[in-house]
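Residue-level structure breakdown
Chain by chain, the residues:
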Amino acid sequence: MSSSPSTDDSGPLLGPADIRELAAALGVRPTKQRGQNFVIDANTVRRIVRTAEVRPDDVVVEVGPGLGSLTLALLEAADRLIAVEIDDVLAAALPSTVAARLPERADRFALVHSDALHVTELPGPPPTALVANLPYNVAVPVLLHMLARFPSIERTLVMVQAEVADRLAAPPGSKVYGVPSVKAAWYAEVKRAGAIGRNVFWPAPNVDSGLVSLVRRAEPLKTTASKEEVFAVVDAAFAQRRKTLRAALAGWAGSAAAAEAALVAAGISPQARGESLTVEQFAAIAEHKGSGA
């Protein structure tokens, strides 16, 4: 068996030759500025769709579809697909690629030509899943924005730089546990869902990639604090992650003494550090801001 991707069995999906042909026709060169690395392997996109557990009734949103590798595989499996693309040339070309390769599904495809960070609404029924190969430089902000803006998204599978995948899925106490880990946990149960090699991309990146699965909490976190209040504590705790929470939260609380009062009221040691706390504990601290100060 050949290990190189074959275009023969890829059906409507794009193989390496298709991708390069499309890019040449459009005059597209992947740019570092936008973190563009196009997937050129049909087996990889099928695996992503499988791992994402895309169902025939799903309305999937894809961010950064590029030339359409993953787009076509998602459109085959889901009920509807909305692709959000910032690049003018790629956005203009994608509907034609869909129409040419999956004509029978073209009416189930919608394109939103926009920066995903500024998207506040999507056409058609509310999305139920987010599946994307996220550009490395904006992966975390885009993911958190989409989860916040579209509460109907129940399941997410994103391909990101391996290091970012580790951070997102890190448990409390881990060396790489930080702001992305806690904020993602506010919305969902997060776990690593596999690794992706470099050779399935064009151009091949200098880093490995990983899949991250996020399944939205059935019930929002039980807290009287708002998301903004909780995230403010998280940001403060990790801005000076080597400091104890009493010191790190002094600015947030107004003074070290006020920070200590909030921590004690929340049942957390003032000597603890942010990397040891769960999202629930951060929420408890937010609830007790102003305690006894």
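Heads up: these notes are all about the structure in this document. Treat the numbers as computed from the prediction; the structure is a model and nothing was measured. (Residues numbered from 1 in each chain as written. Predicted model: local features only at pLDDT ≥ 70, side-chain atom pairs only at ≥ 80, totals over all residues. Heavy atoms only, no water.)

1. Observations regarding the packing of helix α2 (residues 42–51) against helix α3 (residues 69–77)
The condition that has to hold: Every axis in this analysis is a line fitted to C-alpha atoms, fitted for helices over the stretch in contact. Angles between the N-to-C directions lie between 0 and 180 degrees. Helix and strand assignments follow DSSP, with helices taken as H or I runs no shorter than four residues and strands as E runs no shorter than two, numbered in order from the N terminus. Roughly parallel refers to an angle under 35 degrees, roughly antiparallel to one over 145, roughly perpendicular to one between 65 and 115, and oblique to any angle outside these ranges. Two helices cross in a left-handed way if the nearer one is turned anticlockwise from the farther one by less than a right angle. They cross in a right-handed way if the turn is clockwise. Here, two residues are considered to be in contact whenever any of their heavy atoms come within 4.5 Å of each other. Amino acids are sorted into nonpolar (Ala, Val, Leu, Ile, Met, Phe, Trp, Tyr, Cys and Pro), charged (Asp, Glu, Lys and Arg) and polar (every other residue, Gly among them).
Relative to each other, α2 and α3 sit at 45 degrees, their axes nearing to 9 Å. The orientation of α2 with respect to α3, classified from their angle, is oblique. Here α2 and α3 pass one another in a crossing that is right-handed. Of the residues in α3, those in contact with Val45, Ile48 and Val49 of α2 are Ser69, Leu70, Ala73, Leu74 and Ala77. Residue classes in the contact of α2 with α3 are distributed as seven nonpolar, one polar and no charged.

2. Examining the nonpolar core
Nonpolar side chains in soluble globular proteins tend to be buried together. Our working rule: Among buried residues, the Ala, Val, Leu, Ile, Met, Phe, Trp, Tyr and Cys ones that are joined through side-chain atoms within 4.5 Å form a nonpolar core. Three labels apply to residues, based on accessible area from a 1.4 Å probe with only protein chains included: buried if under 20% of the type maximum, exposed if over 50%, partly exposed otherwise in between.
Among the nonpolar cores identified, the biggest contains 61 residues, and Leu134, Leu214, Val230, Leu249, Phe282 and Ile285 are the most heavily contacted of them. For valine 230, the residues in contact, after removing those within four places along its chain, are Trp186, Ala225, Phe282, Ala283 and Ala286. The next biggest cluster of nonpolar side chains, apart from the first, holds 38 residues, and it includes Val39, Val98, Trp202 and Leu211.

3. Quick word on the packing of aromatic side chains
Going by this rule: Note on ring pairs: Phe, Tyr and Trp rings are taken, using the six-membered ring of Trp, and paired if centres are within 6.5 Å. Classes follow the plane angle, with under 30 degrees stacked, over 60 edge-to-face and the rest tilted.
Per the counting criterion, the structure on display carries five aromatic pairs. Each ring, one from tryptophan 186 and one from phenylalanine 231, has its centre 5.9 Å from the other, and the planes form 75 degrees; the classification is edge-to-face. With a gap of 45 residues between them, tryptophan 186 in helix α7 (residues 179–187) and phenylalanine 231 in helix α8 (residues 227–239) connect regions that are remote in the sequence. Accessibility classification places tryptophan 186 together with phenylalanine 231 in one group, the buried group. Seen from their ring centres, tyrosine 187 and phenylalanine 231 are 6.4 Å apart, and the 80 degrees between their planes marks the pair as edge-to-face.

4. Some remarks on the sheet that holds strand β5 (residues 129–133)
Applicable threshold: Whether two strands pair depends on DSSP finding at least two bridges between them.
Read across the open sheet, the seven strands follow the order β4-β3-β2-β5-β6-β9-β7; overall the sheet is mixed. The open sheet has two free edges, formed respectively by β4 (109–113) and β7 (188–196), since each of these has just one partner strand. Each neighbouring strand pair of the sheet contributes to a mean axis angle of 20 degrees, computed without reference to strand direction. As paired strands, strand β6 (residues 155–161) and strand β9 (residues 209–216) are joined by seven bridges and run antiparallel to one another. Within the sheet, the bridge partner assigned to valine 160 lies in β9 and is glycine 210. This element, helix α5 (residues 139–149), spans β2 (59–63), β5, β6 and β9 of the sheet and lies at about 170 degrees to β6.

These figures come from the coordinates and say nothing about function on their own.
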